[in-house]
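Now for the letters of each chain:
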Amino acid sequence: MVAYILKRLAGLAFVFFLVSVVAFLLMHSTPGGPFDEPNMPLPPAAKANILRKYGLDQPLHIQYINYISNALRGDFGYSFSSPSETVAQVIGRTWPISITLGGVTVIVALGSGILIGILAAVRQNTIVDYVATFLATLGLTVPNFVIALWLILVFAVELQWLPIGGWGEDWRQIIMPMIALGLGPMGIATRYTRASLVDVFTADYIRTARAKGLAERMVVMRHAVKNALIPIITVLGPRIPDLITGTIFVETMFRVPGLGKFFVESVLDRDYPMIMALTLLIAALWGIVYLLTDLLYTLIDPRVKLT
């Protein structure tokens, strides 16, 4: 197990290197720069001084080496859009908001999706199954920004039950963003949980357990659900980094000052240090989630061997 983890971490380090190179090259190959303003162009001397200050006047490979050497020491530089703050300070200010929203969404959406999927599998071809299928289809097919618009029109404008947006002033402000973000993952969880359980219910060991006279709840929870978890975890694991790093449409529509909204703004402003830091952060989260997913396989099913 230790050897496998070390091998995976070495592979992740190589992936981070490739991601950093590709992101750096794409970022600098895009037309325009962080200090190019067609409407109010800077004087050539002022622009040259700014480029020299941030090291943007140096050859591209020197810029990359300098950035990576500083990043390995935990120094990601200053944000071009917010020059009074370091990149780490900006991420520290915005990411906890996305983590809070995404963490609550993960717990509620995935937990409820798995529960609904279990009920749909146990009650196949009943009204419970049909309602679960409808909710799963709704979450999978309707974009989250459309769901967000529906929620605002119904619950904030018409019924006036919930605040339209904002963050931190009222606990109810998290409800609509959580629903808009969570319907998609909940639909995926419901669909794959139902499909996995329906397949497991046809296995010989389930028929044997029922023939022994075990209670249906015991058969479902102890035998069927445990063996159906591997495909569910495989599908749901990659959804977690998306949720905890924020979604631009939802955060913008509900005025949530999280990381997702700031990431897109950084791309539009050509904020190079922020773009690189957020790209590496998201790559790290994806790598860690996939590693944890593989380790969970061995806990769920001892027959799985990691090599």
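The model shown is predicted, which means the values in this text are computed figures rather than measured ones.

Trainee: Would you mind going over the overall build of the chain in detail, with residue names and values included?
Mentor: Of the regular secondary structure elements, the chain holds 13 helices and zero strands. Put simply, the chain runs from its N terminus to its C terminus through helices and strands in the order α-α-α-α-α-α-α-α-α-α-α-α-α. Expressed as lengths along the three principal axes of its C-alpha atoms, the size of the chain is roughly 85 × 60 × 30 Å. Across the 307 residues that make up the chain, the buried fraction comes to 39%. If you take every contact in the chain between residues at least 6 apart in sequence, the share linking residues at least 24 apart comes to 72%. Split by element, the accessible area of the chain, about 17,000 Å² in all, is 68% carbon and sulfur.

Trainee: Now, about the packing of aromatic side chains: what can you tell me, with residues and values included?
Mentor: All chains considered together, the criterion is met by four aromatic pairs. Between F24 and Y64, the ring centres sit 5.4 Å apart and the planes meet at 70 degrees, which makes this aromatic pair edge-to-face. Placement of F24 in helix α1 (residues 2-29) and of Y64 in helix α3 (residues 60-71) is noted, with a sequence separation of 40 residues between them. A single burial state applies to F24 and to Y64, both of which are buried. Ring plane angle 45 degrees and centroid distance 6.0 Å describe the contact between F155 and W161, whose orientation is recorded as tilted.

Trainee: With reference to specific residues and values, describe the side chain of S266.
Mentor: Among the secondary structure elements, S266 is positioned in helix α12 (residues 259-268). Residue contacts for S266: discarding those within four places in its chain leaves D271, M274 and I275.

Trainee: Before we move on, can you summarise the confidence of the model for the chain with the specific residues and values?
Mentor: Looking at the chain, pLDDT values average 83 and 95% of them are 70 or higher. Helix α9 (residues 216-236) is the least confidently modelled element of the chain, averaging 77 in pLDDT, while helix α6 (residues 144-158) averages 89, the highest of any element.

Trainee: Explain the packing of helix α4 (residues 87-122) against α9 to me, and be specific about the residues and the numbers.
Mentor: Packing of α4 against α9 leaves a shortest axis separation of 12 Å and a crossing angle of 130 degrees. On the basis of their axis angle, the class for α4 and α9 is oblique. As for how α4 packs across α9, the hand of that crossing is right-handed. Residues L110, I114, I118 and V122 of α4 lie in contact with α9, whose contacting residues are V220, V225, I232 and L236.

Trainee: Tell me about the packing of α4 against helix α5 (residues 127-141), and please be specific about residues and values.
Mentor: Relative placement of two packed helices is described by the angle separating their axes and the distance separating the axes. Packing of α4 against α5 leaves a shortest axis separation of 8 Å and a crossing angle of 140 degrees. The orientation of α4 relative to α5 falls into the category oblique. Note that α4 runs across α5; the crossing there is left-handed. Counting all contacts with α4, which are made through I116, L119 and A120, the residues of α5 involved are V128, D129 and A132. In terms of residue class, the contact of α4 with α5 is built from five nonpolar, no polar and one charged.

Trainee: Describe the nonpolar core, naming the residues involved and giving the relevant values.
Mentor: As a rule of thumb, soluble globular proteins bury nonpolar side chains together. Counting 27 residues, the largest nonpolar core has L101, I147, M176, A180, L236 and F254 as its most contacted members. Counting only elements with at least two residues in this core, the list comes to α4, α6, α7 (175-200) and α9. The element contributing the most residues to this core is α7, with eight residues. Not counting the four nearest positions on each side in its chain, L101 is found in contact with W167, I174, P177, M178, L181 and V256. Core analysis: the second largest hydrophobic core is formed by 25 residues, A71, I244, Y272 and L281 among them.

Trainee: Outline a nonpolar patch on the surface, supporting the account with residue identities and numerical values.
Mentor: Residues L149, W150, L153, V154, V157, L159, W161 and I164 make up a contiguous nonpolar surface patch of about 750 Å² in total accessible area. Tracing the chain through its elements places L159 in the loop between α6 and α7.

Trainee: Requested: an account of the pattern of salt bridges, with residues and values cited.
Mentor: Going through the model one piece at a time under the given rule, you end up with three salt bridges. A salt bridge links D170 to R172, with the shortest nitrogen-to-oxygen separation between them at 2.9 Å.

Trainee: How would you explain α12 if you had to name every residue and give the values?
Mentor: Listed as buried for α12 are L259, G260, F262 and S266. In an axial view of α12, the angular spread of the buried residues amounts to 165 degrees, which keeps them on one side of the axis. Buried residues along α12 sit in contact with α4, α11 (248-253) and α13 (272-300). Taken from the residues just after α12, R270 is the one with a positive phi, measuring 55 degrees.

Cut-off values and rules
- Residues numbered from 1 in each chain as written.
- Predicted model: local features only at pLDDT ≥ 70, side-chain atom pairs only at ≥ 80, totals over all residues.
- Heavy atoms only, no water.
- Helix = DSSP H or I, 4+ residues; strand = E, 2+ residues; numbered from the N terminus.
- Buried < 20%, exposed > 50% of the residue type's maximum accessible area, 1.4 Å probe, protein only.
- Contact = heavy atoms within 4.5 Å.
- Areas by Shrake-Rupley, 256 points an atom, 1.4 Å probe, with all protein chains shown as cover.
- Phe/Tyr/Trp six-rings, centres within 6.5 Å; stacked < 30°, edge-to-face > 60°.
- pLDDT = per-residue confidence, 0-100.
- Axes fitted to C-alpha atoms, helices over the stretch in contact; angles between N-to-C directions.
- Parallel < 35°, antiparallel > 145°, perpendicular 65-115°, else oblique.
- Left-handed = near helix turned anticlockwise from the far one by under 90°.
- Nonpolar A, V, L, I, M, F, W, Y, C, P; charged D, E, K, R; others polar.
- Core = buried A, V, L, I, M, F, W, Y, C linked by side-chain atoms within 4.5 Å.
- Patch = residues over 30% accessible without salt bridge, like charges linked within 9 Å, V, L, I, M, F, W, Y side chains within 5 Å.
- Salt bridge = Lys/Arg side-chain N within 4 Å of Asp/Glu carboxyl O.
- Arc of directions from axis to C-beta.

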